[in-house]
Amino acid sequence: MKYVLVTGGVVSGLGKGVTASSIGLILKACGLRVTSIKIGSFFLPFPHFHRCNAYLCVLVLIAEAEPLLEAFCHNPYLNSDAGTMSPIEHGEVYVLDDGGEAVIDKERRGDYLGKTVQVVPHITDAIQEWIERAAAIPVDGKDGPADVCVIELGGTIGDIESMPFIEALGQFSHRVGHGNFCLIHVSLVPVLSVVGEQKTKPTQHSVRGLRSLGLSPDILACRSTTELDETIKEKLSSFCHVQRDNIITLYDVSNIWRVPLLLRDQKAHEAILKVLNLNCENRVPALVDWTARADLSDRLTDTVRIALVGKYTVLSDSYLSVLKALLHASVAFHRKLCVDWVPACDLEDATLQENPDSYKKAWKLLKGADAILVPGGFGDRGVEGKILAAKYARENLVPYLGICLGMQTAVIEFARSVLGLKNANSTEFDPNTKNPCVIFMPEGSKTHMGGTMRLGSRRTYFQCTSSKSTKLYGNVSFVDERHRHRYEVNPDMVPQLEDAGLSFTGKDESGCRMEIVELHSHPYFIAVQFHPEFKSRPGKPSPLFSGLVAAACGQLDALLKKGSSRTCRLSSNGSSPIKPHFYENATTLTNGALVDGIYCNGNGLHA
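Not measured: the values here are computed from a predicted model. (Residues numbered from 1 in each chain as written. Predicted model: local features only at pLDDT ≥ 70, side-chain atom pairs only at ≥ 80, totals over all residues. Heavy atoms only, no water.)

(A) Fine view of the pattern of salt bridges. For the structure on display, the rule yields 17 salt bridges. Between Glu 395 and Lys 391 there is a salt bridge; the shortest N-O distance is 2.9 Å. Within this pair, Glu 395 and its partner Lys 391 are both found in helix H14 (residues 383–395), separated by four residues, close to a single helical turn. When its relative accessible area of 28% is taken as the criterion, Lys 391 is described as partly exposed. Connected through shared salt-bridge partners, Glu 230, Glu 234, Arg 244 and Asp 245 make up one network. (Salt bridge = Lys/Arg side-chain N within 4 Å of Asp/Glu carboxyl O. Helix = DSSP H or I, 4+ residues; strand = E, 2+ residues; numbered from the N terminus. Buried < 20%, exposed > 50% of the residue type's maximum accessible area, 1.4 Å probe, protein only.)

(B) Spatial organisation of the packing of aromatic side chains. Taken as a whole and judged by the stated rule, the model has 11 aromatic pairs. Relative to Trp 341, the ring of Tyr 319 lies with its centre 6.2 Å away and its plane at 35°, an arrangement referred to as tilted. Taken together, the residues Tyr 319 in the loop between strand S11 (303–310) and helix H11 (320–332) and Trp 341 in strand S12 (residues 336–343) connect sequence positions 22 residues apart. Given a relative accessible area of 3%, Tyr 319 falls into the buried group. Taken together, a centroid distance of 4.6 Å and an interplanar angle of 15° make the contact between Tyr 400 and Phe 525 stacked. Separated by 125 residues along the polypeptide, Tyr 400 in strand S14 (residues 400–403) and Phe 525 in strand S22 (residues 525–528) bring together distant segments of the chain. (Phe/Tyr/Trp six-rings, centres within 6.5 Å; stacked < 30°, edge-to-face > 60°.)

(C) Quick peek at the sheet that holds strand S9 (residues 219–224). Strand order across the open sheet formed by six strands is S2-S5-S1-S6-S9-S10, with parallel pairing between neighbours. Each edge of the open sheet is held by one strand with a lone partner, namely strand S2 (34–39) and strand S10 (247–251). Going from strand to strand, the sheet's axes swing by 20° on average, the running direction of each strand aside. Where strand S1 (residues 2–8) and strand S5 (residues 148–153) come together, five bridges link them in parallel fashion. Within S5, the residue paired with Tyr 3 across the bridge is Cys 149. Along the sheet, helix H4 (residues 119–135) makes contact with S1, S2 and S5, crossing S2 at roughly 150°. Across the sheet, helix H7 (residues 230–240) touches S9 and S10, and the angle it forms with S10 is around 125°. (Pairing = 2+ DSSP bridges. Axes fitted to C-alpha atoms, helices over the stretch in contact; angles between N-to-C directions. Contact = heavy atoms within 4.5 Å.)

(D) View of the sheet that holds strand S16 (residues 436–440). Pairing is mixed across the open sheet formed by three strands, whose spatial order is S15-S16-S19. Two strands bound the open sheet, and with one partner strand each, they are strand S15 (425–426) and strand S19 (487–489). Here S16 pairs with S19 via three bridges, running antiparallel. Residue pairing across strands places Phe 440 opposite Tyr 487, the latter belonging to S19. Contacts from helix H15 (residues 405–417) reach S15, S16 and S19, with the element oriented near 150° to S16.

(E) Region of interest: the packing of H14 against H15. Here H14 crosses H15 at 70°, and the two axes come no closer than 8 Å. Judged by the inter-axis angle, H14 sits roughly perpendicular to H15. Considering the relative orientation of H14 and H15, their crossing is right-handed. Where H14 approaches H15, its residues Val 383, Glu 384, Lys 386, Ile 387, Ala 390, Lys 391 and Arg 394 are matched on the opposing element by Leu 405, Thr 409, Ala 410, Ile 412, Glu 413, Phe 414, Arg 416 and Ser 417. (Parallel < 35°, antiparallel > 145°, perpendicular 65-115°, else oblique. Left-handed = near helix turned anticlockwise from the far one by under 90°.)

(F) Looking closely at the environment of Ser 22. Relative to the helices and strands, Ser 22 resides in helix H1 (residues 16–29). Classification of Ser 22 as buried rests on a relative accessible area of 0%. With 240 residues separating them in the primary sequence, Ser 22 and Leu 262 have C-alpha atoms 9.4 Å apart.

(G) Summary view of helix H6 (residues 201–212). Here H6 is 12 residues long and its end C-alpha atoms lie 16 Å apart, about the 16 Å a rise of 1.5 Å per residue gives. Thr 203, Gln 204, Ser 206, Val 207 and Leu 210 are the residues of H6 that are buried. The buried residues of H6 occupy one face: seen down the axis, they fall within an arc of 165°. The exposed residues of H6 that point more than 90 degrees off its buried face are Arg 208 and Ser 212. Among the structural elements, S1, strand S6 (181–188), S9 and H7 are those in contact with the buried residues of H6. In the segment just after H6, Gly 214 is the residue with positive phi, at about 100°. (Expected span 1.5 Å × (residues − 1). Arc of directions from axis to C-beta.)

(H) Just the nonpolar core, in detail. Ranked by internal contacts, the top residues of the largest apolar core, which has 45 residues, are Val 309, Leu 366, Ile 372, Tyr 400 and Phe 504. In terms of residue count, H15 provides more of this core than any other element does, seven residues in total. Counting 40 residues, the second-largest nonpolar core is a separate cluster that includes Cys 30, Val 275, Trp 290 and Ala 294. (Core = buried A, V, L, I, M, F, W, Y, C linked by side-chain atoms within 4.5 Å.)

(I) Region of interest: the packing of H11 against helix H18 (residues 543–553). Packing of H11 against H18 leaves a shortest axis separation of 9 Å and a crossing angle of 60°. With respect to each other, H11 and H18 are oriented oblique. The chirality of how H11 crosses H18 is right-handed. Mapping the contact onto sequence places Val 322, Ala 325, Leu 326, Ala 329 and Ser 330 in H11 and Phe 545, Ser 546, Leu 548 and Val 549 in H18. Of the residues in the contact of H11 with H18, the class split is seven nonpolar, two polar and no charged. (Nonpolar A, V, L, I, M, F, W, Y, C, P; charged D, E, K, R; others polar.)

This is how it looks when you write it as structure tokens:
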């Protein structure tokens, strides 16, 4: 196993995640099998290990590896269960397939025989063990470990939170030996507007700090507004002790899908292969399709406007995966994405009294959109605004996609407006409501907010072949998607809702937990309890996001015909035990992957 470690210096937000993902992409394009690990360094009360392909918001993390590869433009925050963390402070909480977490439980088992548990060697040894275990897990459906594991270290060199990881990785690089470990340091080379000169001192100090911690970079990836001058490269090479050919410029580009092309054009893959003593079948990365997609993205002129009605619109990173999923679908339908940020609170009547201008602006954006998307969230702030957005979309036949809380608010709105249950609500927002459309999951804890969610990949069984969601997923019998929630649609109200025209077209294996809801009389009104955005990829957009954009562009019928050309066996009531369902003569679909009739969309299958 070979390892590539990506670190960052000077400031946060330089693009370590994009860089690490791009490295994974070009190495894969060279014919290598690649996996990835992301290590983050935020502190929560209990240290956890997590598997990752993006940013982790805990102290000690890493479990099974998740492939960065085709998800290179995905770099959201990640955690198995962030509890009550604020998306406005930390950005998006990213959910993985396993949804699990494991603590350092050796001490609790008594493995240390009463010794004091120390950062060195106990914590650092545990980190190294988890890295090796995670890296060895196959992620591409093939037997045996990958050729290369790309490790992204979150935070900035010098942060006190990352010290245990730096120490562990220093020991790890020594342990695996020269030729098996390549360190790529992403740093900033700013250009001062006063003098117009690229400044190397920040990078020099960052590399010096890295060396003082026991790690020396093999490759420098320098972020700058423009390409580095040759004299600047020479200076960095001299002061940072890095070969000049191993200094890469990551300058500003028209879209981030061009970052892998930057690395390829500067022969970054050759530098990495040389450091790792690797030979591969393709010395030149095969990125024809990727290049075409990047070029297409730059040429798009026809727009599609999506109103995103959210609670955390002050920070776009709170919905980063949603944005990327919309981008993937928009490019697939040759549309330039325009997202109108609509604060859910501004749609409410209270805002009309307090801030009429914000109220009018929010409604103008909502009414001017080609489609409406209501993503997840927690707490009662802005919920009435999300309900109003669902009502507007339903009554005015505007394409609508609700995710997690967006599904729950759609159900509440339907109960209020169609069933006439004016006080219908979720017990999350009104514990004493007489018509609880959404209830706390029976197995959840009402006293502990953290670590009590229904998390990770869960199976949803389609209930009929005629639903739009079934056709979008290629008429498979079930789909595995990721979840993160504590509340669910009240199953006792389902018959009443369905009699009024709301169809629950996807359920869990018990048939009692509602996963997908649709309005058949509406051009496109779909809401789901899971988070389809987490499995969307460039070139493989999420089927539900594809459906939303297609409906907004007037291309939904053609898309559904493509999906309805396939048939499969469905469970009669979704109550079948979890087992593989197959579709005969399955082939690859444009909106995902069918492997033996199971829709997997870039992630492992579940039996």
